[in-house]
Amino acid sequence: MDDAVQTLLQKRNSREGTQEAFSGISFITTTMEVTNRTVKSLESINLIGDELGREYEIIMACPRQHGVSDTILRSMRKEFHNLMVIRIDRESYGKGKDTAFRSSTGKFIVPFHSNLVYPVEYADILHSFLEFSLKRLYFSELSLVHRDLINEVGGWRHLSNGEDVDLFSRLAVNFGILACPTNLMWKDNITIKEILGMRYSSQSSGGPDGQNLAMIRDLIIACNLSLREILDLSRIRKSLEGTGGRFLMFMAYMASRLSSIKPVTYNRNNLVVVMESVLESLILREYLKIPEMEDRVFLQIDRTHIEFLTEHSKMFRDMKASLAYFLRDQI
């Protein structure tokens with residue numbers, strides 16, 4: 001075993017711990033608008049919960065709905081008997097998730113995105129996660145974490161963007177990650193960006209409209225991006241996607257410095273913190289603890305964030321050969 005991997009293994013073993021036995025799962029989400037896509041997402045989560053064969057609940061935080069949305073919501077309540085809907089002001093995804101979490105009863109928490117439809121095969125992965133007795137964040141497209149860990153790091157914060165990066169970075173630093181990203185959603189082009197709840201303005205130029213400014217401001221706070229990093233991200237997006245909004249990014253950075261919510265700071269930005277912990281787990285092949293997963297493991301990252309992580313993470317540069325294996329033909 002080479003020295004780099006041996007060092008990672010020693011660090012990882014020092015963080016192991018035990019947890020209490022399973023006593024329930026809470027699937028939680030926030031949605032700002034209830035649509036037919038929301039119904040499809042909840043149907044997939046409900047099917048996964050049924051397949052697990054364990055006690056579970058689904059808790060969705062959303063603003064008060066009117067018209068078609070309200071009709072869909074009433075139908076959902078009839079269809080999903082284990083669904084709890086919590087009314088929130090139109091605040092933020094992070095505030096909504098934290099409200100849902102505080103209202104949940106499960107020993108294990110599974111946050112999900114209400115615009116994604118999850119294959120039922122995730123029930124097998126969650127089942128395997130539940131068999132472990134490690135004090136860790138279990139990371140996949142559908143992640144799982146013991147509620148005590150969330151409480152210990154303070155839960156989700158009032159952020160409209162990147163709320164999972166913000167939480168997962170604290171979990172990664174304090175407890176570590178067991179990563180099992182899969183190819184189950186590759187056809188839908190679901191990348192790390194979607195999994196971590198990183199949202200970008202559709203505007204590529206022009207003045208900073210309030211909603212777009214708030215979105216990018218909160219992403220900067222969640223990821224703890226420096227001015228250089230946010231300008232680098234803008235440059236990469238401009239080069240690869242034809243969008244960037246450099247002025248919007250700069251204004252959002254200034255707004256982030258004035259926000260009452262301050263970034264959680266480590267010696268590198270929080271996206272790098274999360275992704276290095278994911279890569280560390282993959283290099284150690286911890287996914288082999290999950291039956292029949294070797295052929296399914298697949299780290300899907302959009303080109304913009306591959307470039308950004310390569311520029312700002314020494315581990316991503318040093319472990320290029322290993323990274324190429326998990327990214328397959330993406331680089």
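How each quantity is defined
Residues numbered from 1 in each chain as written. Predicted model: local features only at pLDDT ≥ 70, side-chain atom pairs only at ≥ 80, totals over all residues. Heavy atoms only, no water. Phe/Tyr/Trp six-rings, centres within 6.5 Å; stacked < 30°, edge-to-face > 60°. Buried < 20%, exposed > 50% of the residue type's maximum accessible area, 1.4 Å probe, protein only. Pairing = 2+ DSSP bridges. Helix = DSSP H or I, 4+ residues; strand = E, 2+ residues; numbered from the N terminus. Axes fitted to C-alpha atoms, helices over the stretch in contact; angles between N-to-C directions. Contact = heavy atoms within 4.5 Å. Salt bridge = Lys/Arg side-chain N within 4 Å of Asp/Glu carboxyl O.

Undergrad: Explanation requested: the packing of aromatic side chains in the structure shown.
TA: Any two aromatic rings considered together are summarised by their centre-to-centre distance and by the angle between their planes. Enumeration over the complete set of coordinates arrives at nine aromatic pairs. Aromatic pair Y118 and Y122: ring centres 6.2 Å apart, planes at 80 degrees, arrangement edge-to-face. Judged by relative accessible area, which is 3%, Y118 ranks as buried. Between Y325 and F326, the ring centres sit 5.1 Å apart and the planes meet at 75 degrees, which makes this aromatic pair edge-to-face. Y325 gets classed as partly exposed once you look at its relative accessible area, which sits at 40%. Relative accessible area serves as the criterion here: at 4%, F326 is assigned to the buried category. Grouping aromatic residues by their ring pairs yields a cluster made of F112, Y118 and Y122.

Undergrad: Is there a simple way to think about the sheet that holds strand β6 (residues 144-146) in this case?
TA: Read from one edge to the other, the open sheet built from seven strands follows the order β3-β2-β1-β4-β6-β5-β7, with strand pairing classed as mixed. Each edge of the open sheet is held by one strand with a lone partner, namely β3 (83-87) and β7 (177-179). Within this sheet the neighbouring strands show an average axis-to-axis angle of 20 degrees, counted without direction. Relative to the sheet, helix α7 (residues 163-175) contacts β5 (137-139), β6 and β7, its axis offset from that of β5 by approximately 120 degrees. Seen against the sheet, helix α12 (residues 270-283) touches β5 and β7 and runs at an angle of roughly 60 degrees to β7.

Undergrad: Would you explain the pattern of salt bridges in this entry?
TA: Side-chain pairs of opposite charge can arise where the charged atoms are in close proximity. By the definition in use, this model includes 19 salt bridges. Here R157 makes a salt bridge to D166, at a shortest N to O gap of 3.0 Å. The class of R157 is partly exposed, set by a relative accessible area of 21%. Notably, a salt bridge pairs R235 with E311, separated by 3.0 Å at the nearest N-O pair. With R235 in helix α10 (residues 227-241) and E311 in helix α13 (residues 303-312), the pair connects residues that are 76 residues apart, well separated along the chain. By relative accessible area, E311 is classed as partly exposed at 32%. Here the residues in one salt-bridge network are K97, E163, D164 and R199, joined through shared partners.

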